[in-house]
Amino acid sequence: MLRIITPVMRVIEIPMLALQRLLGINRLAWVFLAPNLILFGLFAFLPVILNIFYATTGSDNVLLSDRPYVGARNFVTLTDCGNYLDANSCREDKFWRAVWNTLWFVTLQVGFMVGFALLTALILNRDIRARGFFRSVFFFPVLLSPVVVALIWKWILQREGVLNAFLDWTGVGGVNWLVQADWAFGWSVFISVWAHMGFYTLILLAGLQAIPRDVYEAAIMDRASAWRTFRRITLPLLAPTMLVVLVLALIKGVQTFDEIYAFTGGGPGTATTFIIQYIYEEGFAGAPRLFGLAAAASLLVAGVLVVLTLIQLWVNRRNVNG
Amino acid sequence: MSRLWSFLTATRGRDRLHWTDWVSYGYLIFGVLLMFGPVVWLVLSSFKSPNELDRFPPRFLPYAQETLEIEGFDSPLLAFIVTEGELTGEVVGQTRRAAGRAEVVLPADPETRIRIPADTLAPIEDVAFATENYTSLFERFNFLQFFWNSTFITVMATALMLLVNSMAAFVLSKYEFRGRTAVLLLVIGTLMIPQTVVLVPLFLIVTEMGMFNSLWGVIIPGAATPTGVFLLRQYMITIPDEILDAARMDKASEWKIFWRIIVPLSAPAIAVLAILAIMWRWNDFLWPLIVLTRTENFTLQLALNSFQGELQTDWPSLLAMTVLTLLPIACVFMFLQKYIATGIASTGGK
C-alpha cells in the first residue's frame with residue numbers, strides 16, 4: 001500500500017510547495033479545502049439550486065435549457081386532492097399513496113425499532129456473560145447490504161419457504177406473504193427493524209453506560225424498587241440519547257428505499273411504495289421521465305429532512321453543552 | 001459440558017441467577033437465532049442442488065442422492081434401496097423410470113434389468129454440499145465483472161474520500177484563517193442534503209460531466225462527506241500544535257506536515273472512516289441504480305437485484321451470489337468488529 005501512496009504524495013508535494021511559496025501558509029488553507037469544497041458545491045449545493053429549476057419546469061428533457069417554465073404547476077399537480085386522507089381523490093394518487101405508506105411505515109418502524117433497541121440495550125447493560133458477543137450479534141445485520149437483507153428474507157418468506165413449511169407443520173397453514181398487501185407491509189416493517197435495530201441498540205447502550213454508577217448505588221441505599229429506579233433514574237438520564245436515536249431513526253426512516261424496493265418492488269400494487277421510490281420511478285424508471293414531478297416531490301421531502309436535521313443538530317448541541 | 005454450564009450460570013457477586021437473568025438470557029438467545037438464523041439458512045440453502053431447493057418442506061442440511069458406478073453404463077446411476085418385494089434391502093441403480101414403474105439393476109449383476117413398482121424404491125441420500133451453484137455463477141453469468149465493478153468502486157471511492165476529507169479536516173483543525181467558521185457551517189449544511197433528495201439534478205450534473213454509465217459517476221459524487229470531515233477533524237484537533245511548529249522550524253512544507261505527521265498520527269480515525277466508507281460503498285444501491293444502466297457496469301448489488309426481478313427467479317444462482325456478496329462484509333465484520341462499532345457510535349451513522 002505504502003509503495004503506491006508514497007510516490008503519489010511526493011508528486012502532489014511539488015505543486016503544493018510552489019503554491020505555498022506563492023500564497024503563504026494561511027491562504028494555502030484554501031488549496032487544502034478546495035477538492036472538498038468543489039465536490040460539496042458540485043454534488044450537494046448546486047443540485048439543491050437546480051432542483052428548484054427542475055421543480056418549476058416541465059417536459060421530459062433533462063437539459064434545463066430545453067425545459068419550459070411551468071411555475072408551480074408541478075406542485076399543484078402533486079397537491080391537487082379532493083381529500084388528503086384519501087389517495088384515490090388525488091390527481092397524483094400514487095404520490096399520496098406513497099406519502100401515506102411512508103407515514104405509516106415510519107411510525108411503525110421507528111416505534112418498534114426504538115422500542116426493541118431500548119429493550120435490547122437495557123438487557124445488554126445488565127451483568128451478563130459474553131456481552132461483547134451478544135452485542136455484536138444484534139449489530140451484525142447493520143452491515144448487510146439492503147439487497148442482501150431483502151433476498152435473505154424473501155427466501156425465507158417465499159411460498160415454499162421455510163416459514164411456510166414450519167407453519168404447515170404446526171397446522172396453522174402457510175400464507176403467501178408477499179402477495180397480500182397487509183402482510184407485505186408488515187414484513188417490510190419487520191425486515192427494516194431487523195436490519196437497523198443493532199445500530200440504535202449500540203447508541204442506546206453507550207448512553208446507558210454513561211449513566212454514573214453512584215446514582216444507582218444511591219437508589220439501592222434508598223431501597224428504591226427496580227421499576228422506580230428505571231422510571232426515575234434510567235429513563236430521565238437516557239432521555240437525551242433517546243432523542244438523538246429518535247431523530248436519527250426518523251431521518252433514515254423517511255428515506256427508506258433500498259431494502260424494500262429489492263424486497264417487494266413496492267408491491268403488491270403500491271402497498272409498499274414509499275416516497276423515495278415514487279421519486280425514483282417518476283424521474284428515472286418510467287417513461288416519460290417526469291423530472292419536474294420528481295424534483296418537486298424531492299423538495300417536499302427535503303423540507304421535512306431539513307427540519308429533522310435542524311432538530312438533530314440542536315439536540316446534539318444541547319447534549320454537548322448540557 | 002458442566003464446566004460450560006458453570007461458566008454460563010456463574011454470577012458476579014450474587015449467589016444464583018435471578019428470574020430476570022433467565023428472561024434476559026432467553027431474550028438474548030432468541031436474538032441470536034433471529035439475527036443469525038436467516039443468514040445460516042441462506043448459506044446452507046446456497047449449497048443445495050436445484051432439486052433439493054424445490055423440495056417442500058425443505059430440509060435443514062443439503063442432501064444429494066448417491067449414485068452408483070455400474071459396469072456397462074456410461075453415466076452413474078441414481079442409487080435406491082428397495083423397501084418391498086423379494087429384493088427388500090438391496091441397493092439398486094435405476095436405469096429408467098416411467099408410469100410408476102422403475103427399471104433397476106443390481107450392482108453385482110449389471111446385465112439383468114428388473115422391473116419393479118417405483119414406490120417401492122427409497123432414494124439413498126447423504127449430506128452433500130453442492131458447489132455447482134457457485135461454479136455456475138462464473139460460467140453462466142458475468143460474475144467476475146460485477147465483482148470487479150464493486151471492488152473498483154469501493155477501493156477508488158474510499159481512497160479518494162480519505163484523501164479529500166483528511167485534507168479538509170487538517171486545515172479545519174489546525175489552521176486559523178478567515179472564513180473557517182463559514183466553511184464549517186457549510187459542511188454542516190451538507191448534512192441536510194442527502195443524495196436521496198437531489199437525485200434529478202445530480203443525474204444531470206453527472207450526465208453533463210460524461211460520467212453516466214461510468215463507474216466514476218458513482219465514485220466521485222460521494223467522495224466528500226460531512227461525516228468524514230467531522231470525524232477526522234475531531235481527532236486531528238487532539239494532535240498537539242507543538243509537533244507542527246517543530247516541523248515548520250525544520251522547514252518542512254505544509255504538504256509534508258500533512259502526510260508525514262498528521263495522517264500517520266490520525267491513523268485510528270482514518271481506519272474507522274475507511275471501514276465505514278468500504279461498507280457504504282460496497283452496499284450502495286440507489287445511486288448506482290440510477291447511474292449504471294448497462295449490465296456490464298452493474299455492481300454486485302445491482303446484479304443481485306436485477307436477477308431476482310426476472311419472472312422466474314433463479315434461486316440456486318441467486319442464493320450463491322448473495323452469499324458471495326455478503327462474504328467480504330462478513331469478513332470485515334469478524335476482524336474489525338470493535339472499530340466498526342466505535343466508528344458508527346461516534347459518527348451517528350452516515
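Since we're looking at a predicted model, the values are computed, not measured.

K.L.:
What should I look at first to understand the overall build of chain B in this one?
P.N.:
Broken down by element type, chain B carries 15 helices and 8 strands. Across its three principal directions, the C-alpha atoms of chain B cover 100 × 70 × 40 Å. A buried classification covers 51% of the 350 residues belonging to chain B. Of the contacts made within chain B by residues no fewer than 6 positions apart, 64% connect residues no fewer than 24 positions apart. Accessible surface computed for chain B: about 17,300 Å², of which carbon and sulfur atoms make up 61%. Looking at charge distribution, chain B has the averaged site of its 25 positive side-chain charges lying 15 Å from that of its 30 negative ones.

K.L.:
Just to check I follow, could you spell out the UniProt feature "transmembrane region" (unreviewed entry) in chain A for this structure?
P.N.:
Residue and element names in this part refer to chain A. In the numbering used here, UniProt assigns the "transmembrane region" (unreviewed entry) feature to residues 28-54, 103-124, 136-156, 185-212, 233-254 and 292-315. Taken end to end, residues 136-156 comprises 71% helix and 0% strand; its first and last C-alpha atoms sit 23 Å apart. Helix makes up 89% of residues 185-212 and strand 0%, and the two end C-alpha atoms of the span are 41 Å apart.

K.L.:
Help me out: how do you make sense of the UniProt feature "domain: ABC transmembrane type-1" (unreviewed entry) in chain A in this one?
P.N.:
In the numbering used here, UniProt assigns the "domain: ABC transmembrane type-1" (unreviewed entry) feature to residues 99-312 of chain A. For residues 99-312 of chain A, the end-to-end C-alpha separation is 22 Å, with 76% helix and 0% strand making up the annotated structure.

K.L.:
In this structure, what is going on with the interface of chain B and chain A? I would like to understand it.
P.N.:
Buried accessible area, meaning the area lost when the parts come together, often serves as the stated size of an interface. At the interface, 102 residues of chain B touch 100 residues of chain A. Contact between chain B and chain A buries roughly 9,400 Å² in total, counting both sides, with carbon and sulfur atoms accounting for 78%. Among the residues of chain B in contact with chain A, Tyr27(B), Met35(B) and Trp255(B) are the three that bury the most area, contributing 8% of the side total. Counting across the interface, chain B meets chain A through 2 salt bridges. For the pair chain B and chain A, the number of links is 18 residue pairs in polar contact (both at pLDDT 80 or more). Considering every element that reaches the side of chain B that touches chain A, the biggest residue donor is helix H2 (residues 19-46) of chain B, with 16 residues.

K.L.:
Which parts of the structure should I look at to understand the packing of helix H4 (residues 93-124) of chain A against H2(B)?
P.N.:
Helices that pack against each other are described as a pair by the angle of their axes relative to one another and the distance between those axes. Taken N-terminus to C-terminus, the directions of H4(A) and H2(B) make an angle of 125°; their axes are 10 Å apart at the nearest point. Accordingly, the angle class assigned to the pair H4(A) and H2(B) is oblique. The two elements H4(A) and H2(B) cross, and the hand of that crossing is left-handed. Where H4(A) approaches H2(B), its residues Phe116(A), Leu119(A), Thr120(A), Ile123(A) and Leu124(A) are matched on the opposing element by Ser24(B), Tyr27(B) and Leu28(B). Tallied by class, residues from the contact of H4(A) with H2(B) come to 6 nonpolar, 2 polar and no charged.

K.L.:
I would appreciate a short explanation of the packing of aromatic side chains in the present structure.
P.N.:
Here a ring pair, both rings aromatic, is described through the centre-centre distance and the interplanar angle of the planes. Applying the stated criterion across every chain, the model contains 44 aromatic pairs over all chains. Measuring from ring centre to ring centre gives 5.1 Å for Phe32(A) and Phe170(B), while their planes differ by 75°; the resulting arrangement is edge-to-face. Here Phe170(B) lies in helix H5 (residues 143-174) and Phe32(A) lies in helix H2 (residues 25-55), a pairing that spans two chains. Judged by its relative accessible area of 0%, Phe32(A) falls in the buried class.

K.L.:
Please clarify how the state of the cysteines should be interpreted in this entry.
P.N.:
Chemically, a disulfide is nothing more than a covalent bond linking the sulfur atoms of two cysteines. Residue and element names in this part refer to chain A. According to the stated counting rule, one finds 1 disulfide over all chains in the structure shown. The disulfide bridge from Cys81 ends at Cys90, spanning 1.8 Å between sulfur atoms. Of note, the bridge from Cys81 to Cys90 carries an S-S torsion of about 105° and is right-handed in sense. The same class applies to Cys81 as to Cys90, namely buried.

K.L.:
I'm lost on the pairing of strand E3 (residues 77-82) of chain B in this one. Help?
P.N.:
Residues and elements named next belong to chain B. Strand direction decides the pairing type here: strand E2 (residues 67-68) and E3, joined by 2 bridges, are antiparallel. Across the sheet, residue Leu68 finds its bridge partner in E3, namely Leu77. Direction of pairing for E3 relative to strand E4 (residues 91-98): antiparallel, over a ladder of 4 bridges. By the bridge assignment, Phe80 is partnered in E4 with Val92.

K.L.:
How do you make sense of the domain arrangement of chain A when you look at a structure like this?
P.N.:
Structurally, chain A comprises domain 1 (2-51) and domain 2 (73-321). Taken over C-alpha atoms, the centre of domain 1 of chain A sits 38 Å from the centre of domain 2 of chain A.

K.L.:
So what exactly am I meant to see when it comes to the nonpolar core here?
P.N.:
Most often, soluble globular proteins have nonpolar side chains that are buried together. The biggest cluster of nonpolar side chains holds 198 residues, and the ones touching the most others in it are Phe32(A), Ile152(A), Trp153(A), Phe170(B) and Met321(B). No other element matches the 16 residues that helix H8 (residues 181-209) of chain A contributes to this core. Not counting residues up to four positions away in its chain, the partners in contact with Phe32(A) are Met16(A), Met167(B), Ala168(B), Phe170(B), Val171(B), Tyr175(B), Glu254(B), Trp255(B) and Phe258(B). Listed in part, the 10 residues of the second largest apolar core include Leu87(B), Val92(B), Leu106(B) and Ile116(B).

K.L.:
Explain the domain arrangement of chain B to me, please; I cannot follow it from the model alone.
P.N.:
Taken as a whole, chain B is organised into domain 1 (2-46), domain 2 (67-123) and domain 3 (141-347). Taking only C-alpha atoms into account, the centre of domain 2 of chain B sits 60 Å from that of domain 3 of chain B.

K.L.:
What exactly am I supposed to notice about the UniProt feature "transmembrane region" (unreviewed entry) in chain B here?
P.N.:
This chain's UniProt record puts "transmembrane region" (unreviewed entry) on residues 22-44, 146-171, 183-206, 218-236, 257-280 and 315-336 of chain B. Across residues 183-206 of chain B one finds 71% helix and 0% strand; the C-alpha atoms that close the span lie 24 Å apart.

K.L.:
Explain the packing of H2(A) against helix H7 (residues 199-208) of chain B here, please?
P.N.:
Between H2(A) and H7(B), the least distance of the axes is 7 Å, while the angle of their chain directions is 115°. With respect to each other, H2(A) and H7(B) are oriented roughly perpendicular. For the crossing formed where H2(A) meets H7(B), the hand is right-handed. Taken together, the residues of H7(B) that come into contact with H2(A) (itself represented by Leu42(A), Phe43(A), Leu46(A), Pro47(A), Leu50(A), Asn51(A) and Tyr54(A)) are Val200(B), Pro201(B), Leu202(B), Leu204(B), Ile205(B) and Val206(B). Classifying every residue of the contact of H2(A) with H7(B) gives 12 nonpolar, 1 polar and no charged.

K.L.:
Just to check I follow, could you spell out unusual backbone geometry for this structure?
P.N.:
Excluding glycine, residues mostly carry a negative phi; peptide bonds, for their part, are mostly trans. Residue and element names in this part refer to chain A. Positive phi outside glycine occurs at Ala130, with the angle close to 55°. Examined against the element boundaries, Ala130 turns out to sit in the loop between H4 and helix H5 (131-139). The residue Arg223 is not glycine, and still its phi comes out positive at about 60°. Secondary-structure assignment places Arg223 in the loop between helix H9 (213-221) and helix H10 (226-254). For Arg223, a relative accessible area of 77% puts it in the exposed group.

Reading guide: rules and limits
All residue numbers refer to position in the chain's written sequence, counted from 1. Chains and ligands are labelled by the order in which they are written, letters from A for the one and numbers from 1 for the other. Predicted model: local features are reported for residues with pLDDT of at least 70 only, side-chain atom pairs are reported and counted for 80 or more only, and whole-chain, interface and lining totals are derived from all residues. The basis for every side-chain value is the complete set of heavy atoms in the structure, and neither hydrogens nor water enter the calculation. Counting from the N terminus, the helices are DSSP H or I runs at least four residues long and the strands are E runs at least two residues long. We call a residue buried when its accessible area falls under 20% of the maximum for its residue type, exposed when it is over 50%, and partly exposed in between, using a 1.4 Å probe and counting protein chains only. Throughout, a contact is declared for two residues whenever any of their heavy atoms are within 4.5 Å. Accessible areas in this description were obtained via Shrake-Rupley with a 1.4 Å probe; residue shielding takes into account the shown protein chains only. We count Lys and Arg on the positive side and Asp and Glu on the negative side, and we leave His and both chain ends out. To locate a charge, the coordinates of NZ of Lys, CZ of Arg, CG of Asp or CD of Glu are taken. UniProt positions are given in the numbering used here, feature names are shortened, and annotations may be inferred rather than shown by experiment. Once two parts are joined, some of their accessible surface, as seen by a 1.4 Å probe, is lost; buried area is that loss totalled over both. Within this document, salt bridges are pairs made up of a side-chain nitrogen of Lys or Arg and a carboxyl oxygen of Asp or Glu, the two lying within 4 Å of each other. Any pair of nitrogen or oxygen atoms within 3.5 Å is treated as a polar contact; in protein, a donor-acceptor pairing is required on top of that, and neighbouring residues in sequence qualify only through side-chain atoms on both sides. To get an axis, fit a line to the C-alpha atoms, keeping to the stretch in contact for a helix; angles then go from 0 to 180 degrees between the N-to-C directions. Each angle gets one of four labels, with under 35 degrees taken as roughly parallel, over 145 as roughly antiparallel, 65 to 115 as roughly perpendicular, and the rest as oblique. Should the near helix be turned anticlockwise from the far one by less than a right angle, the crossing is termed left-handed; should it be turned clockwise, right-handed. Side-chain classes follow a simple rule in which Ala, Val, Leu, Ile, Met, Phe, Trp, Tyr, Cys and Pro form the nonpolar group, Asp, Glu, Lys and Arg form the charged group, and the remainder, Gly included, forms the polar group. The pairing test for Phe, Tyr and Trp rings, Trp by its six-membered ring, is centres within 6.5 Å, and the orientation test on the planes gives stacked under 30 degrees, edge-to-face over 60, and tilted for anything in between. The disulfide criterion used throughout: a pair of cysteine sulfur atoms within 2.5 Å. The pairing criterion is simple: DSSP has to find at least two bridges between the two strands. Domain delimitation in this document rests on an assignment produced automatically or drawn from a domain database. By nonpolar core is meant a set of buried Ala, Val, Leu, Ile, Met, Phe, Trp, Tyr and Cys residues that side-chain atoms within 4.5 Å join together.

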